[in-house]
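Structural features, examined
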Amino acid sequence: MAFPSRARARSEVGFGSDRRPAGASRAARLEDAQKYLFVLPALVLFATFVLLPLASAVYYSFTVWDGLRTPEWVGWWNYVRAWNDSVHVRSYLNVGVYIAGTLVVEVAFGLLMAVLLASNRRGFGFMRGLFFSPMVLSMVAAGLLWTYVYDYRRGLLNEGLRAVGLGGWAHPWLSDGATAMLAVIVVSGWKYAGFYMIIFLAALRRIPQSLYEAAMLDGATPLQRFAHVTLPLLRETTIVAVLLCVTGGFAAFDLFFTMTNGGPFNATEIPTTWIVKQAFDRHNMGYGAALTVVMTVVVGVVSLAYLLATRRRHAVEY
Amino acid sequence: MSTSAALPRRRVPSLGTVLHYWVAATVVVGMAFPLVWMLYSGFKTNQEIAAAPLALPAVWRWSHFAEAWQLGNLGRLYLNSLLVTGVSVTALVMIASLAAYAFARLRFRGRDSLFYLLLIGLLLPAQVVIIPLFFLLRDLQLLNSYWALILPYTSWPLALTIYLLRSYYLTLERELEDAARIDGANLFQTYAFVMFPLVRPALATVVILNLVNLWNELLFAMLFIQSEQLRTLPAGLLAFSGYYLIDYRLVFAALSITTVPILVVYFAFQRHVIAGLTTGALD
């Protein structure tokens, strides 16, 4: 046999293989039982507060329920309703725009800043720390602060524009449907670009310096070095960063809830804000549950498709 | 008069270096400025803010902070947040480490299936279960108590925390473990006195990751707690800003009170915090 069988591999490692001679001692059997005690607390909590609610969500999604009376089974009705709910459909377009925007202001900008701040000179460590600092703040604090930054009359942004003679550009950023989404995206970038900067920085540091030296000997300009040495070697990191940004985008809620709560006129309505409104403002628990199931499926399918697509390209490349 | 001759010779920075500093500093300072603006605006009166939003305060009125602290019951919010996140993170890390060790090192029937089941939790956004979780907590009569947050906060990050700790346990040498066994230590003794101490660096990382995430959590906090006395900081801050929406100075003061201590702690432990928050994305 070329490879040791699994059972054999098991009996070789450490202690406590699950195959015991027929007359296994009581102590050994007791120890086998003890092993389950290690995972028991975690599994009980996980089953009660993650898996059970997940299963209930699927059940509720087939019912009409106001949270008080008995849920009434209605089959696929909630899903049909979700399909025909124009705000719900729009919330996915909105979150798509949001994700596309965050890919620019979080991932691309984070990469740019990683290159810009990747220096051992004095002061750069401090600048990296400062750039990362919004990451430790709550979304509520970030959202509130920026609500005041965007304030039409007293906000930092408009007042700054007026101060440099661009008063004509002053704008009610959050209450105009045309700019509200952009305004939220910018805050997202402010909060998270530091995270991606650190991730890309770690990847940059793994690139051997000799590659840059070779490129310089060949007369490559800094821009060429970036395009032909740095970028290709950051591929794996970029794949992970994009996945984190996309799945994180679907889960966005706090910033929208704090700054616009979906307004004005649903211009920044995203699936999560719409779900919370349906369930906790309008008491459509069954419909809300159906929307959460839709969201789970969408996030799952998008992540899976993305992983498969990046893997396939990977396979073609090599 | 030439003083430069007396100074030790220093390389004159090239134009590129100066430009590099200038561009980097401009972006970073520009991004940090909203926080600075928040900080000094809290000292201004509302009239000052209306008249000149960018100007520094004429008088530094510390009393605004005392006022915000009292009106917002911010001390209580801090205590609630400390209690809820403290208990949750401690329980979470203890429970997760125990399970992570077993998934990494012990052999038992169903181990791999159970681990894969747990990994489902890595993919799920928490919003997916808010509705059933709300009613589960209601039926357990836990809504509006610390437990309404502690139990979900301990359970939801389990998947990621176990996943991260397990990969760390997998890297540890087996010799120590085997030696302890030969010396007659039972499973729990081996874990508690040999393996758990070895995993401390990874523990610090997951503690920080979960501390920051749970400290800042909003959705569960605002849905499962209605009582003002039990609210955590994010939910309380949001409610405060709703009451005092146009009392700019108070909102700025409350924002400063709730963010500055966090930023101070961050800058004190910067290296560890950054490592903690980016763990998992860096492997």
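Within each chain, residue numbers correspond to sequence positions counted from 1 in written order. A letter from A marks each chain and a number from 1 marks each ligand, given out in the order of writing. Two thresholds apply to this predicted model, a pLDDT of at least 70 for residue-level local features and 80 or more for giving and counting side-chain atom pairs, whereas whole-chain, interface and lining totals are computed over all residues.

1. Remarks on the overall build of chain A
Secondary structure assignment for chain A yields 14 helices and two strands. Over its C-alpha trace chain A gives a radius of gyration of 26 Å, far above what one expects of a compact globule, namely 20 Å for 318 residues. Seen along its three principal axes, the alpha-carbon backbone of chain A occupies a region of about 90 × 70 × 40 Å. For every residue, the other C-beta atoms within 10 Å of its own C-beta are counted; 20 or more classify it as buried, 12 or fewer as exposed, and values in between as partly exposed. C-beta atoms are placed from the backbone. The buried share of chain A, taken over its 318 residues, is 39%. Here the contacts in chain A between residues at least 6 apart in sequence split such that 67% fall between residues at least 24 apart. By definition, any uninterrupted DSSP run of H or I lasting at least four residues is a helix, any uninterrupted run of E lasting at least two residues is a strand, and each is numbered from the N terminus. In this description the radius of gyration comes from C-alpha coordinates, and the expected globular size is given by 2.2 Å times residues to the power 0.38. We call two residues in contact when their backbone-placed C-beta atoms lie within 7 Å.

2. Quick notes on the nonpolar core
By size, the foremost hydrophobic cluster in this structure holds 164 residues, and its most contacted members are Y196(A), M197(A), A96(B), A99(B), I162(B), L165(B) and A254(B). Looking at which element gives the most residues to this core, the answer is helix α8 (residues 180-206) of chain A, with 17 residues. If we ignore the near neighbours within four places in the chain, the residues touching A254(B) are A68(B), G72(B), L74(B), L237(B) and F240(B). Residues enter a nonpolar core if they are buried, belong to Ala, Val, Leu, Ile, Met, Phe, Trp, Tyr or Cys, and are joined to the set through C-beta atoms within 7 Å.

3. As for the interface of chain A and chain B
Tallying the contact residues gives 79 residues for chain A and 77 residues for chain B. The element that contributes the greatest number of residues to the side of chain A that touches chain B is helix α2 (residues 26-60) of chain A, accounting for 20 residues. Any residue that is not Ala, Val, Leu, Ile, Met, Phe, Trp, Tyr, Cys, Pro, Asp, Glu, Lys or Arg is counted as polar, Gly included; the first ten are nonpolar and the last four charged. Residues of the side of chain A that touches chain B, tallied by class, amount to 53 nonpolar, 18 polar and eight charged.

4. Observations concerning the domain arrangement of chain B
Residue and element names in this part refer to chain B. Domain extents, as shown, originate in an automatic or database domain assignment. By domain assignment, chain B separates into domain 1 (15-61) and domain 2 (67-278). If you look at the interface, domain 1 gives eight residues, while domain 2 gives seven residues. Counting only elements with at least two residues in the side of domain 1 that touches domain 2, the list comes to α1 (15-41) and α2 (46-51). It is α1 that provides the largest number of residues to the side of domain 1 that touches domain 2, a total of three residues. Classifying every residue of the side of domain 1 that touches domain 2 by side-chain character gives three nonpolar, four polar and one charged.

5. Section: unusual backbone geometry
Residue and element names in this part refer to chain A. In this structure, the amide linkage connecting G263 to the following residue, P264, adopts the cis form with an omega of -10°. Mapped onto the secondary structure, P264 falls in the loop between α12 (254-259) and α13 (271-281). Residues other than glycine seldom take positive phi values, yet F265 does so here, at roughly 50°. Take F265: it is sitting in the loop between α12 and α13. Take F265: there are 10 C-beta atoms within 10 Å of it, and that puts it in the exposed class. Phi angles above zero are rare outside glycine, and H283 is one such case at about 60°.

6. Some points on the confidence of the model for chain A
All names here are of chain A. Here pLDDT means the predictor's own confidence in every residue, given as a number from 0 to 100. This prediction gives chain A a mean pLDDT of 88; 90% of its residues lie at or above 70. Mean pLDDT across the elements of chain A ranges from a minimum in helix α1 (residues 6-12), with 37, to a maximum in helix α4 (residues 86-117), with 96. Ignoring residues within four places in sequence, the model shows residues 1-18, a span with pLDDT below 50, making 20 contacts including any to other chains.

7. Thoughts on the domain arrangement of chain A
All names here are of chain A. Split by domain assignment, chain A resolves into domain 1 (53-84 + 284-318) and domain 2 (92-269). For domain 1 versus domain 2, the separation of C-alpha centres amounts to 29 Å. Every contact between the two is made by six residues of domain 1 and, on the other side, five residues of domain 2. Of the residues belonging to the side of domain 1 that touches domain 2, the class tally is four nonpolar, two polar and no charged.

8. Focus: helix α13 (residues 233-243) of chain B
Across the 11 residues of α13(B), eight count as buried, placing the element largely inside the fold. Turning to α13(B), its buried residues number three or more, namely L233(B), P234(B), A235(B), G236(B), L237(B), L238(B), F240(B) and S241(B). For α13(B), the elements touching its buried residues are α6 (139-149) and α12 of chain A together with α4 (74-105), α12 (219-224) and α14 (248-268) of chain B.

9. Quick notes on the environment of R81(A)
Residue and element names in this part refer to chain A. Locating R81 in the fold gives a position in helix α3 (residues 77-84). Judged by the 17 C-beta atoms lying within 10 Å of it, R81 is partly exposed. Put simply, R81 and D151 are 70 residues apart on the chain and 37 Å apart in space, counted from C-alpha to C-alpha.

10. A short note on the packing of helix α9 (residues 175-182) of chain B against helix α10 (residues 187-198) of chain B
Residues and elements named next belong to chain B. With their axes 10 Å apart at the nearest point, α9 and α10 run at an angle of 140° to one another. Considering their axes alone, α9 and α10 lie oblique with respect to each other. Crossing of α9 against α10: the hand is right-handed. When α9 is examined against α10, the residues L176, E177, A180 and R181 are found in contact with a partner set consisting of T190, V194 and M195. Angles shown run from 0 to 180 degrees and are taken between the N-to-C directions of axes, each axis being a line fitted to C-alpha atoms and, for helices, limited to the stretch in contact. Oblique is the label for every angle not falling under 35 degrees (roughly parallel), over 145 degrees (roughly antiparallel), or within 65 to 115 degrees (roughly perpendicular). Should the near helix be turned anticlockwise from the far one by less than a right angle, the crossing is termed left-handed; should it be turned clockwise, right-handed.

11. Considerations on the packing of α2(A) against helix α5 (residues 111-123) of chain B
When two helices pack together, their arrangement is given by the angle between the helix axes and the distance between those axes. At a minimum axis distance of 11 Å, the contact between α2(A) and α5(B) shows a crossing angle of 45°. Classified by the angle their axes make, α2(A) and α5(B) are oblique. Considering how the two elements wind past one another, α2(A) and α5(B) form a crossing that is left-handed. For the pair formed by α2(A) and α5(B), the contact residues are V39(A), L43(A), F46(A) and V50(A) on the first element and L114(B), L118(B) and G121(B) on the second. Counted by class, the contact of α2(A) with α5(B) contains six nonpolar, one polar and no charged residues.

12. Details of the environment of A102(B)
Its place among the elements puts A102(B) in helix α4. Overall, A102(B) belongs to the buried group, with 27 C-beta atoms counted inside 10 Å. For A102(B) and M38(B), which are 64 residues apart along the polypeptide, the C-alpha to C-alpha distance reads 48 Å. Sequence-distant contacts of A102(B), defined by excluding residues within four places in its chain, comprise K35(A), F38(A) and V39(A).

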